[in-house]
Amino acid sequence: MALRARALYDFRSENPGEISLREHEVLSLCSEQDIEGWLEGVNSRGDRGLFPASYVQVIRAPAAEPPPPARYANVPVGGFEPLPPPAAFKPAAQQPPPEPFPPPPAGYPFPPYGGSYQPSQGSDDDWDDDWDDSSTVADEPGALGSSYPDYEAAGGGPSGRYRLSTRSEPSLGPRGAGHPPGHPHPPGGGGAAKSSATVSRNLNRFSTFVKSGGEAFVLGEASGFVKDGDKLCVVLGPRGPEWQENPYPFQCSIEDPTKQTKFKGMKSYIAYKLVPSHTGQQVHRRYKHFDWLYGRLAEKFPVISVPHLPEKQATGRFEEDFISKRRKGLAWWMDHMCSHPVLAQCDAFQHFLTCPSTDEKAWKQGKRKAEKDEMVGANFFLTISVPTGPGASLDLQEVESQVDGFKAFTKKMDESALQLNHTANEFARKQVTGFKKEYQKVGHSFKCLSQAFELDQQAFSAGLNQAIAFTAEAYDAIGDLFADQPRQDLDPVMDLLALYQGHLANFPDIIHVQKGALTKVKESKRHVEEGKMELQKAEGIQERCNIISFATLAEINHFHKIRVRDFKSQMQHFLQQQILFFQKVTQKLEEALHKYDSV
């Protein structure tokens, strides 16, 4: 039976994730259990979010009554309860509402970071029951992704698997020992005063810093088992922090998109042939497989820019031009995946590349394993290994300056990429339509002149007539060259810009996580200076912030490295194609010119 509540007071939302209430309004509750004084529910306008528990009264219906029909979802079971006596309940104008509690803590069960990403549903490669059914193959004995025995959780287990935790001891806990969350320590001596201060939590519980697990990690609330294969190493390179290179680099081609059917022809889809260089074994994947993989990676790696997939399309999915354009976009996507030292070695990506297309059970096992990955959210940051020792520490002021500089760079690059994309698209449109039409109009005019000259039957004018007719054909052919040219030079540039616009859209969230960590460090330093926090606790916060900073700078350096590689290659290709194009145009004009030599 759905839980319902009636609003006792008006409440106006002030932060993202909250909803407004009107006095006497009936709401549907997601749970009767409040989180530090906040409940989650849906108001009568269909808005879902948080509101103070003290502002509502839960409506309890008789257990024997059947639930109401769905169309009357906003009417409470058994009708409205009678209002409390005047002494207990006064109008809002006479009795001020209680102060709402602070927003819910980090432990509040928000969707995982990246959980807002929705795989394509219906619009592009429907999710088939035979591929994504409710059965969990990985839960079978011996299947991938099964949980480890209890003795491992107790500290034992096979080699290469060890427990990491950022949780502090009770005396150093984020809220202190023996006190419920949200309540301060009682007054005491100097020692109690030092441990009483805590680094505050973000009021916006829907911010990227919170949802990614960055806040929980920095505040020392992450704990989990880390396998050697899950470790992500940051090293110091000539340009600063860098991801450790993949010791076994590889590439993967995407070829031969073919239309296939299932259910006796009732269902059609496009399958792409993938051939990874490190296995040499081809597999076939549909767009929905790429879509699923992107969703898993975007959730798992909050400080890594996972390249965006080509856009979905509801209609025209089987048209040749669309299939060709999507294949090129997927090829760029695959190149960036294989070039990233972390993404290329991710278990989910390797499963995507190597699992045989015909082994449905193995695919589901790997899929469930990826979906049950515990090293996500705050635990993801436990997998990052950073340099230690002399000269390996980061100056937070310098880090902040570098990140601010990169933020300004990405803003300017995004603006220029949009401008170039618009200019290239407009120029390509003119070549395909306007230029072709104009050159062919010139060719037609020359042809008319040639036909007029043919009325002269003199033998000595025949050569001129033929030369002018050939010139007309040359201009007609040049018009076709202009129409076809954008495919050779401008389209690849726009494909690259689209890929990088996806990266540029990722970095504000990545920077937000790093900025949030720096803010916690500054706050902890202020508490230490005021004598309200122990130095050891503040140093722990700074150490965890350093891990996020190392990873952020490593990702920034990787972005610049790949950017230089890509744009160098693409600009060379563009200019080479331009040269070839004008050589073809010149050749046509030279051929026409030589026709007049014999006149």
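Structure first, text after, so check above.
Read on for an overview of the structure. (Residues numbered from 1 in each chain as written. Predicted model: local features only at pLDDT ≥ 70, side-chain atom pairs only at ≥ 80, totals over all residues. Heavy atoms only, no water.)

A word on the pattern of salt bridges. In the structure shown here, the tally under the stated rule is 25 salt bridges. A salt bridge links Glu-40 to Arg-48; the nearest nitrogen and oxygen atoms lie 3.2 Å apart. Taking the relative accessible area as the measure of exposure, Arg-48 reaches 54% and is therefore exposed. With a shortest N-O distance of 3.1 Å, Glu-245 and Lys-561 are connected by a salt bridge. In this pair, Glu-245 is assigned in the loop between β9 (240-243) and β10 (252-262) and Lys-561 in helix α12 (residues 535-594), connecting sequence segments 316 residues apart. (Salt bridge = Lys/Arg side-chain N within 4 Å of Asp/Glu carboxyl O. Buried < 20%, exposed > 50% of the residue type's maximum accessible area, 1.4 Å probe, protein only. Helix = DSSP H or I, 4+ residues; strand = E, 2+ residues; numbered from the N terminus.)

The next subject is the packing of helix α9 (residues 396-453) against helix α10 (residues 462-488). Viewed as axis vectors pointing N to C, α9 and α10 meet at an angle of 170 degrees, and their least axial separation amounts to 8 Å. Considered as vectors, α9 and α10 are oriented roughly antiparallel to each other. Taken together, the residues that form the contact of α9 with α10 break down as 17 nonpolar, 8 polar and 4 charged. (Axes fitted to C-alpha atoms, helices over the stretch in contact; angles between N-to-C directions. Parallel < 35°, antiparallel > 145°, perpendicular 65-115°, else oblique. Nonpolar A, V, L, I, M, F, W, Y, C, P; charged D, E, K, R; others polar.)

Every α-helix carries 3.6 residues per turn, so stepping three or four residues along brings you back to the same face. The first and last C-alpha atoms of helix α5 (residues 287-300) sit 20 Å apart over 14 residues, in line with the 20 Å expected at 1.5 Å per residue. Counting buried residues along α5, 14 of its 14 residues qualify, which places the element largely inside the surrounding structure. (Expected span 1.5 Å × (residues − 1).)

Right, let's talk about empty space enclosed by the protein for a bit. Applying the stated rule across the entire model yields 6 cavities of 30 Å³ or more. A volume near 100 Å³ is recorded for the largest cavity. Taken together, Ser-305, Pro-307, His-336, Ser-339, His-340, Tyr-500, His-503, Phe-507, Glu-555, His-558, Phe-559 and Ile-562 make up the lining of the largest cavity. Every element with two or more residues in the lining of the largest cavity is listed here: α6 (320-339), α11 (490-529) and α12. Of the residues forming the lining of the largest cavity, the biggest block, 4 residues, is contributed by α12. For the lining of the largest cavity, a count of residues per class yields 5 nonpolar, 6 polar and 1 charged. (1 Å grid on protein atoms, 1.4 Å probe; cavity = no way out; pocket = protein on both sides within 12 Å on 5 of 7 lines; lining within 4 Å. Points joined across faces, edges and corners; volume = space filled by probe spheres on them.)

Here we come to the packing of α6 against α12. Two numbers describe how α6 lies on α12: the axes approach to 12 Å, and their chain directions differ by 140 degrees. With respect to α12, the element α6 is oriented oblique. The hand of the α6/α12 crossing is right-handed. Where α6 abuts α12, its residues Trp-332, Asp-335, His-336 and Ser-339 lie against His-558, Ile-562, Arg-565, Asp-566 and Gln-570. Its residues placed into classes, the contact of α6 with α12 shows 2 nonpolar, 4 polar and 3 charged. (Left-handed = near helix turned anticlockwise from the far one by under 90°. Contact = heavy atoms within 4.5 Å.)

Looking now at the nonpolar core. Ranked by size, the top nonpolar core spans 85 residues in total, and within it Phe-217, Leu-274, Phe-290, Phe-301, Met-334, Phe-349 and Phe-352 carry the most contacts. In terms of residue count, the dominant contributor to this core is α12 (12 residues). The residues that make up this core include at least three from each of domain 2 (252-385) and domain 3 (396-595). Dropping the residues within four chain positions of it, Phe-301 is found in contact with Leu-232, Val-342, Leu-343, Cys-346 and Phe-380. Residues Ala-5, Ala-7, Ile-19 and Leu-29 belong to the second largest nonpolar core, which totals 15 residues. (Core = buried A, V, L, I, M, F, W, Y, C linked by side-chain atoms within 4.5 Å. Domains from an automatic or database assignment.)

Next up on the list: the sheet that holds strand β2 (residues 26-29). Spatially, the 5 strands line up as an open sheet ordered β4-β3-β2-β1-β5, and their pairing is antiparallel. One side of each edge strand has no neighbouring strand; the edge strands of this open sheet are β4 (48-52) and β5 (56-59). Direction aside, the axes of adjacent strands within the sheet are offset by 45 degrees on average. Bridging between β2 and strand β3 (residues 38-42) involves 2 bridges; their strand directions are antiparallel. (Pairing = 2+ DSSP bridges.)

Turning our attention to the environment of Glu-539. Take Glu-539: it is sitting in helix α12. Taking the C-alpha atoms as reference points, Glu-539 and Val-528, separated by 11 residues in sequence, lie 10.0 Å from one another.

As a further point, take the sheet that holds strand β11 (residues 267-276). Paired through their backbone hydrogen bonds, the strands of a sheet run either parallel or antiparallel. Across the sheet, which stays open at both edges, the 3 strands sit in the order β10-β11-β12 with antiparallel pairing between neighbours. Here the strands that pair on one side only, and so sit at the sheet edges, are β10 and β12 (283-286). Averaged over all pairs of adjacent strands, the angle between strand axes in this sheet comes to 35 degrees, irrespective of strand direction. Pairing geometry for β11 and β12, over 4 bridges, is antiparallel. Considered in β12, the bridge of Leu-274 is made with Val-283. Along the sheet, α6 makes contact with β10 and β11, crossing β10 at roughly 135 degrees.

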